[in-house]
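In case you want the letters, here they are:
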Amino acid sequence: MKSIVILISGRGSNMQALLESKLSARVSAVISNNPHAAGLKIAKKYNIETCVVDHRMCTDRVAFDLLLANKIDSYQPCLVVLAGFMRVLGDSFINKYIGKLINVHPSLLPAFPGLETHKKALERGVKLHGCTVHFVTREVDHGPIILQAVVPVLPGDTIKILAERVLLQEHRILPEAVNLFMDGRLKISGNIVEICQKDSDN
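Each value, and the rule that gives it
Residues numbered from 1 in each chain as written. Predicted model: local features only at pLDDT ≥ 70, side-chain atom pairs only at ≥ 80, totals over all residues. Heavy atoms only, no water. Helix = DSSP H or I, 4+ residues; strand = E, 2+ residues; numbered from the N terminus. Rg over C-alpha atoms; globule rule 2.2 N^0.38 Å. Contact = heavy atoms within 4.5 Å. Areas by Shrake-Rupley, 256 points an atom, 1.4 Å probe, with all protein chains shown as cover. Polar contact = N/O pair within 3.5 Å; in protein donor to acceptor, adjacent residues only side chain to side chain. Axes fitted to C-alpha atoms, helices over the stretch in contact; angles between N-to-C directions. Left-handed = near helix turned anticlockwise from the far one by under 90°. Nonpolar A, V, L, I, M, F, W, Y, C, P; charged D, E, K, R; others polar. Buried < 20%, exposed > 50% of the residue type's maximum accessible area, 1.4 Å probe, protein only. Arc of directions from axis to C-beta. Pairing = 2+ DSSP bridges. Right-handed = clockwise from strand over helix to strand, strands pointing away.

Next up on the list: the overall build of the chain. In terms of regular secondary structure, the chain is built from six helices and nine strands. A compact globule built from 202 residues should have a C-alpha radius of gyration of about 17 Å, and the chain, at 17 Å, falls within 12% of that. If you line up the chain on its principal axes, its C-alpha atoms span 50 × 45 × 35 Å. Across the chain, the fraction of contacts at a sequence separation of at least 24, relative to all contacts at a separation of at least 6, is 59%. Counting only carbon and sulfur atoms, one obtains 53% of the accessible surface of the chain, whose full area is about 10600 Å².

What follows is the structure in structure tokens.
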């Protein structure tokens, strides 16, 4: 079975959603840049191999990216999933995994890239919010979109309440996107992702 590597920085709820899903792939490892990430303990409970590549122990971003890439390559994954990985990756790293690196982001991209997405959504008064799974490119949070899920912004919503509503959808669409990739059903044309039928040769 083909394998994936998951990168995390914190609690690992999206990683856990992947581990609890019926994936068309084996999770070969969970890697974190944070030795204290709660998600590492969760992965171990699922008997998934874990390791830490601590960015604070590297001289610069290039050194970190190289060390991280070497660790990823040791598992020979078909896909690398950023599931709450909070480090910006350099161009060389992204070019190495282009088309094989996906991220889940808590907004309806291209709206609200970067951090504090729920705060921005509430401040702008949008009526609809959500999340996006996309291929990673050199422009942060601007890669080709695979799947999105929409949630309403309701009167009385706080950042926490809205974040929880969005997170439930992240847990749903991230495993779906991984399975679409592993089943060979995603075709990238420029900045557009086409979802092909199961019997497609594309």
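Our focus in this paragraph is the environment of His55. On the secondary structure map, His55 appears in the loop between β3 (50–52) and α3 (61–73). Along the chain, His55 and Ile6 lie 49 residues apart, while their C-alpha atoms are 16 Å from each other. The residues touching His55, leaving out its near neighbours within four places in the chain, are Asn33, Phe64 and Arg87.

Structurally, the position occupied by Asn33 is in the loop between β2 (26–32) and α2 (38–45). A polar side-chain atom of Asn33 sits 2.6 Å from a polar atom in the side chain of Ser9. In this structure the side chain of Asn33 is engaged in a polar contact, spanning 3.0 Å, whose partner is the side chain of His55. Excluding residues that lie within four positions of it along the chain, Asn33 makes contacts with Ile8, Ser9, Val52, Val53, Asp54, His55, Phe64, Phe85 and Arg87.

Our next topic: the packing of helix α5 (residues 117–124) against helix α6 (residues 159–182). Relative orientation of the contacting elements α5 and α6 amounts to 115 degrees, with a least axis distance of 9 Å. Like other packed secondary-structure pairs, α5 and α6 cross with a definite hand, here right-handed. Of α6, the residues touching α5 (which contributes His118, Lys119, Ala121 and Leu122) are Ile159, Leu162, Ala163 and Val166. Tallied by class, the residues present in the contact of α5 with α6 amount to six nonpolar, one polar and one charged.

Here the focus is α5. All buried positions along α5 are accounted for by Thr117, His118 and Ala121. All buried residues of α5 fall inside an arc of 100 degrees around its axis, so they share one side. In the core, the buried residues of α5 are packed alongside β5 (101–105), β6 (128–135) and α6. The positive-phi residue at the C-terminal boundary of α5 is Gly125, with phi of around 70 degrees.

Attention now moves to unusual backbone geometry. Residue Pro110 is reached from Leu109 by a cis peptide bond, and omega for that bond is 10 degrees. Unlike most non-glycine residues, Asn47 shows phi in positive territory, near 60 degrees. Following the sequence through the fold, Asn47 ends up in the loop between α2 and β3. Take Asn47: its relative accessible area is 72%, and that puts it in the exposed class.

The side-chain alternation of strand β4 (residues 79–82) yields two buried faces, one formed by Leu79 and Val81 and the other by Val80 and Leu82. When strand β1 (residues 3–8) meets β4, the two strands line up parallel, connected through four bridges. Its bridge partner being in β4, Ile4 is matched across the sheet by Leu79. Bridging between β4 and β5 involves three bridges; their strand directions are parallel. Bridge assignment links Val81 to a residue of β5, and that residue is Ile102. Once the chain exits β4 it traverses helix α4 (residues 91–96) before rejoining the sheet at β5, and the crossover so formed is right-handed.

Another point: the sheet that holds strand β7 (residues 145–152). The sheet built from seven strands is open, its strands ordered β3-β2-β1-β4-β5-β6-β7 with mixed pairing. The outermost strands of the open sheet, each flanked by one partner alone, are β3 and β7. For this sheet, the mean angle separating the axes of adjacent strands, direction not counted, is 20 degrees.

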